[in-house]
Amino acid sequence: MWIDAVNAADIAREDVLRFDLGERTFALYRTQDDRYFATDGLCTHAKVHLAGGFVLDQVIECPKHNGRFNFTTGQAMGAPACVNLKTYPTKVEAGRLWVNIA
Amino acid sequence: MPTALAPRDYSLTGPENRRAGERGLADAEWYTCLIPRSRLKELMQRRDGPAIRDTLLWFALLIITGTLGCLTWGTWWTILPFTVYGVLYGSCSDSRWHESLHRTAFKTVWMNDALYELASFMVLRESVPWRWSHTRHHTDTIIVGRDPEIAVPRPPDLLGLALSFFSLKSGPREFHRMTLHSFGRLTPGEATYIPEIERPKVYRNARIYLAIYLAVIATGVATRSFLPLMLVGFPSFYGAWLLLVFGLTQHAGLAEDVLDHRLNCRTVYMNPVLRYLYWEMNYHVEHHMFPLVPYHALGHLHQELKADMPKPYDGLWAAYREIIPTLLRQTKDPAYHVQRLLPASARALGSTPQPAS
């Protein structure tokens, strides 16, 4: 199911934005070269919103414990992040970022 | 609540663990000072330059003082270089261990991991268990029954603290754990925060550490000299005193079971030499609140947040003028603690910046 999430331009380059939908929460990413990605919003190690974290290249670092994930694949990149993140397809249409949350 | 008659149980497997969960103190949401995302992003930027410079200087100082120690070995003069070498080895390794654990010292990941393994050995902390211990410390800072790194449980063990100046309390404990790990076992407390997937690494590293120590001892026996141990192993003890002087300022005597780092951490102003030795961990409130900010940016972060912080301490002396009387009083009144004065601008707990949705 595709969801109209946010204005694509609302996400700064090489940064992350939190997006809540009902009980669910997501993290939306924009790379330096304007590619967009989406993952679950909470770190798999602890219940911390990744949107407070730090984006460097294709890696998101959790703001609480520095757990690192490749947000393009969801891959956990070492302790304390040991479980991969779920990722979601994205597309940009008319300046809006859509996320397929199915 | 703690009373003079009933000290609390600081173990991670006792009733306080369950109680912390029931009170909503475990894995909870903490107070966060407001800072514009764009500015925080600037401060979180990683750089290799400062840490390469600082680490090369550290290595150079270790080599110079270690060499001088060897050259003067057998004379009273050897005390001078080994005093400095010991502090560089046994105390400065603590802050290097800490910053590389967070992988914020360098931009390049392998540099952080290499420094972390080296500093872990030097400071006598096994790298894998202590990574998980420190992770828990950041999740549940000074929450009794949850935080494995509460340095001064109440009532304070003053003899134990005195022994800690030369790691005579923690050192034997670490060797005991190392031996336990080398046989493929964890303590019950460690089992609560080290995941199964990480445990083989714990056991492997413990065997490596012990093999290194045995090799150093064998070298000493073969050469009939204590010098090898003065260079590797023993500095973790005789050089640990500054680690404790710095480390006690972080949380000792402050509140337990609060979800606000401004109430259970200290920020202490220090001169540039001490800040180099301590890698800016004197900005401890800031570090706990925003652990992604590298050590070299913590001073700038402090400037951004200080209006929403309690007054920082003007130096080690100012901090210890509070810590020493507090710990002495806690020996008789464990419930007593320092109550930090928050500025009027403080927001309610949990009122973190709102997300876009």
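Here, the structure is the one placed above.
Residues numbered from 1 in each chain as written. Chains lettered and ligands numbered in written order. Predicted model: local features only at pLDDT ≥ 70, side-chain atom pairs only at ≥ 80, totals over all residues. Heavy atoms only, no water.

1. Some thoughts on the overall build of chain B
Consideration 1: Across its full length, chain B carries 18 helices and zero strands.
Consideration 2: Dimensions of chain B, computed from C-alpha atoms along their principal axes, come out at roughly 65 × 45 × 45 Å.
Consideration 3: Per-residue burial for chain B yields a buried fraction of 56% across its 357 residues.
Consideration 4: In chain B, once contacts between residues fewer than 6 apart in sequence are set aside, the share between residues at least 24 apart is 73%.
Consideration 5: When the accessible surface of chain B is split by element, carbon and sulfur atoms take 66% of a total near 15900 Å².
Consideration 6: The distance from the centre of the 37 positive side-chain charges to the centre of the 31 negative ones in chain B is 2 Å. (Helix = DSSP H or I, 4+ residues; strand = E, 2+ residues; numbered from the N terminus. Buried < 20%, exposed > 50% of the residue type's maximum accessible area, 1.4 Å probe, protein only. Contact = heavy atoms within 4.5 Å. Areas by Shrake-Rupley, 256 points an atom, 1.4 Å probe, with all protein chains shown as cover. Lys, Arg positive; Asp, Glu negative; His and termini not counted. Charge placed at Lys NZ, Arg CZ, Asp CG, Glu CD.)

2. Here's the deal with the sheet that holds strand S3 (residues 24-30) of chain A
All names here are of chain A.
Consideration 1: Strands sit in the order S2-S3-S4-S8 across an open sheet of four strands; the sheet is antiparallel. Here the strands that pair on one side only, and so sit at the sheet edges, are strand S2 (15-21) and strand S8 (87-88).
Consideration 2: Pairing analysis gives two bridges linking strand S4 (residues 36-40) to S8, with the strands arranged antiparallel. Within S8, the residue paired with alanine 38 across the bridge is tyrosine 88. (Pairing = 2+ DSSP bridges.)

3. Some points on the interface of chain A and chain B
Consideration 1: Contacts between the two partners involve 27 residues from chain A and, on the opposite side, 25 residues from chain B.
Consideration 2: Regarding the contact of chain A and chain B, the summed buried area is about 2200 Å², with carbon and sulfur atoms giving 56% of it.
Consideration 3: On the chain A side of the contact with chain B, Phe54, Lys64 and Asn66 of chain A bury the most area, a combined 28% of that side's loss.
Consideration 4: Along the contact surface separating chain A from chain B lie three salt bridges.
Consideration 5: Taking the shortest distance from any N to any O, the salt bridge between arginine 37 of chain B and aspartate 15 of chain A comes out at 2.6 Å.
Consideration 6: Linking chain A to chain B there are twelve residue pairs in polar contact (both at pLDDT 80 or more).
Consideration 7: When residues in the side of chain A that touches chain B are grouped by element, the largest group, six residues, is from S2 of chain A.
Consideration 8: Considering only residue class, the side of chain A that touches chain B consists of 13 nonpolar, five polar and nine charged. (Buried area = accessible area lost by both parts, 1.4 Å probe. Salt bridge = Lys/Arg side-chain N within 4 Å of Asp/Glu carboxyl O. Polar contact = N/O pair within 3.5 Å; in protein donor to acceptor, adjacent residues only side chain to side chain. Nonpolar A, V, L, I, M, F, W, Y, C, P; charged D, E, K, R; others polar.)

4. Looking at the packing of aromatic side chains
Residue and element names in this part refer to chain B.
Consideration 1: Using the criterion set out here, one finds 19 aromatic pairs over all chains in the structure.
Consideration 2: Pairing phenylalanine 121 with tyrosine 209 gives two aromatic rings, centres 5.5 Å apart and planes at 75°, and the pair type is edge-to-face. Here tyrosine 209 lies in helix H10 (residues 199-223) and phenylalanine 121 lies in helix H6 (residues 109-122), a separation of 88 residues in the sequence.
Consideration 3: Judged by its relative accessible area of 5%, tyrosine 209 is buried. (Phe/Tyr/Trp six-rings, centres within 6.5 Å; stacked < 30°, edge-to-face > 60°.)

5. Observations regarding helix H4 (residues 79-90) of chain B
Consideration 1: The end-to-end C-alpha distance of H4 of chain B, which contains twelve residues, comes to 15 Å, matching closely the 16 Å that a straight helix rising 1.5 Å per residue would cover.
Consideration 2: Taken residue by residue, H4 of chain B has Pro81, Phe82, Tyr85, Gly86, Val87, Leu88, Tyr89 and Gly90 of chain B as its buried positions. (Expected span 1.5 Å × (residues − 1).)

6. A few points about the nonpolar core
Consideration 1: Trp58, Leu277, Met289, Phe290, Val293, Leu301 and Leu305 of chain B are the most contacted members of the largest nonpolar core, which totals 69 residues.
Consideration 2: Residue contacts for leucine 277 of chain B: discarding those within four places in its chain leaves Leu88, Cys92, Ser95, Arg96, Leu242 and Phe246 of chain B.
Consideration 3: Grouped together as the second largest cluster of nonpolar side chains are 17 residues, Ala27, Cys43, Leu50 and Ala81 of chain A included. (Core = buried A, V, L, I, M, F, W, Y, C linked by side-chain atoms within 4.5 Å.)

7. Points about the packing of helix H13 (residues 241-251) of chain B against helix H18 (residues 316-332) of chain B
All names here are of chain B.
Consideration 1: At a minimum axis separation of 10 Å, H13 and H18 run at an interaxial angle of 65°. In terms of orientation, H13 lies roughly perpendicular with respect to H18. Like other packed secondary-structure pairs, H13 and H18 cross with a definite hand, here left-handed. Each of Leu244, Val245, Phe246, Leu248 and Thr249 in H13 lies in contact with H18, whose residues at this interface are Leu316, Ala319, Tyr320 and Ile323.
Consideration 2: Residue composition of the contact of H13 with H18, by class: eight nonpolar, one polar and no charged. (Axes fitted to C-alpha atoms, helices over the stretch in contact; angles between N-to-C directions. Parallel < 35°, antiparallel > 145°, perpendicular 65-115°, else oblique. Left-handed = near helix turned anticlockwise from the far one by under 90°.)

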